[in-house]
Amino acid sequence: MIELPDANILPLSLEHNFWTWSAQKRISPIPVTRAEGVYFWDVDGKKYLDFNSMVMCVNIGHGNEKVIDAICDQVRELPFAGPGFATRPRAILGEKLAEIVPEELSRFLYTTGGADANENAVKLARAYTGKHKILTRYRSYHGATYGAIALTGDPRRLAWEPAVMPGVVHFWGPYRYRSTFHMDLPEVDDERLRRDYLNHLEEVIQYEGAETIAAVMIETVTGTNGILVPPDGYLQGLRDICNRNGILLITDEVMSGFGRTGKWFAVEHWNVVPDIMTMAKGLTSGYAPLGAVAMKQEIADTFKDKVFEGGLTYNGHPISLAAASAVIEVMQQEQLVERSHQTGLFLKKKLEELMSRHPSVGDVRSIGLFGAIELVKNRETREPLAPYAGTSQPMVALRKYLLEKGVFLYTHWNVVLLIPPLIISEEQLNEGISIIDEALSITDNAVE
């Protein structure tokens, strides 16, 4: 390893690197040196509780020796093989994935991450159906590459329009707290929420023409746009609509997969099997870059005699595949999916307590260890504490306070996201929630 004093990490990083999702003059990264379990440390030795699994990906926690050893062993045996080669880690991972995904999804295309997994899912859907339109939801995020950003429904798409991938049509998805169709109602039940949003989708399909639509793509549980859990019956209804109209269902499990919701994959909560399912992030727990597209056999069979025109140099990289197999083994041995469910019940209780104490908390939502706190200026009007696609002084002050106290998490507009590693204990979770409890006095002071 090249020696570099800790004090030089930040200045040299700022001097030579171009930073994503940032105005370059305003970037202020944490100079991190090491990580272990649910914590990481900066160059000054300050300890942070990682309430975001770094980038919603380190599901098994930092520094797991079993995964590190698997990566090192693979580097020594075969550090690289091109995507056209059969390798031991490719053979092993395919078998392991087949054990944990819905059984109808038996073939896997490996990619470098979630964005190109979603783009390849679109290619497969279009090739299989012979149709070109893809329907995705407005409050969604599917990646930052040009095709994936076209699929994305949230404002991150707007900076790069006109998108280079045509044929994407956006529709509304269920969002109980801010339901487009129920603004005049103080509350809306599952049945009405499910019915009205499925009716809306059917109307969009009618206007667009089912004969032109290859697939509907959704995040099974919406991620950065607020941890939006679908009402019971919505996924089943969506599956039925797709079946009746000859449309494929693609579920994006990049963030919600690998135990995040208390199941291996979020679709399992509703016993729905998509035609194509994408994954990344928790697939390797961030230890190496990897994405995957799981598909039904009949979709793969489209290319029995026809060439699949696609692929990248690092598709099926042996090191990444070895990391993924080791992660799955760790999750199985340590029962992290079950643990996510159990600890998630504790998180849900703690979030409800925060809502009972703080007038700035308009809503709380969670499923497994996938949680959100939605902050408002006024509970009656539900006016958000930060505008759509924007921020505000109270939200900036909240995150600043949390970082000063050693809690690292993401905020998205007026929503605080809680996405800790699945290994987190109730005590560690309580440690972070207690600091959030203190910080919410800042947002309470902004209530009107």
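1. Considerations on the overall build of the chain
Along the backbone of the chain there are 13 helices and 16 strands. A compact globule built from 448 residues should have a C-alpha radius of gyration of about 22 Å, and the chain, at 22 Å, falls within 12% of that. Its C-alpha atoms put the chain at 65 × 60 × 40 Å along the principal axes. Looking at the chain as a whole, 54% of its 448 residues qualify as buried. Long-range pairs, those at least 24 residues apart, make up 72% of the contacts in the chain with a sequence separation of at least 6. Approximately 19,900 Å² of the chain is accessible, and the part contributed by carbon and sulfur atoms is 52%. In the chain, 44 side chains carry a positive charge and 57 a negative one; their mean positions are 2 Å apart.

2. Some details on helix α4 (residues 88-100)
Here α4 is 13 residues long and its end C-alpha atoms lie 19 Å apart, about the 18 Å a rise of 1.5 Å per residue gives. Among all positions of α4, only Pro89, Leu93, Gly94, Lys96, Leu97 and Ile100 are buried.

3. Here's the deal with the side chain of threonine 284
In this fold, threonine 284 is placed in the loop between β9 (276-279) and β10 (291-296). Engagement of the side chain of threonine 284 in a polar contact is seen with the backbone oxygen of alanine 288, the distance being 2.5 Å. Among all residues touching threonine 284, those that are not within four sequence positions of it are Leu290, Ser320, Ala323, Ala324 and Val327.

Scoring rules and cut-offs
- Residues numbered from 1 in each chain as written.
- Predicted model: local features only at pLDDT ≥ 70, side-chain atom pairs only at ≥ 80, totals over all residues.
- Heavy atoms only, no water.
- Helix = DSSP H or I, 4+ residues; strand = E, 2+ residues; numbered from the N terminus.
- Rg over C-alpha atoms; globule rule 2.2 N^0.38 Å.
- Buried < 20%, exposed > 50% of the residue type's maximum accessible area, 1.4 Å probe, protein only.
- Contact = heavy atoms within 4.5 Å.
- Areas by Shrake-Rupley, 256 points an atom, 1.4 Å probe, with all protein chains shown as cover.
- Lys, Arg positive; Asp, Glu negative; His and termini not counted.
- Charge placed at Lys NZ, Arg CZ, Asp CG, Glu CD.
- Expected span 1.5 Å × (residues − 1).
- Polar contact = N/O pair within 3.5 Å; in protein donor to acceptor, adjacent residues only side chain to side chain.

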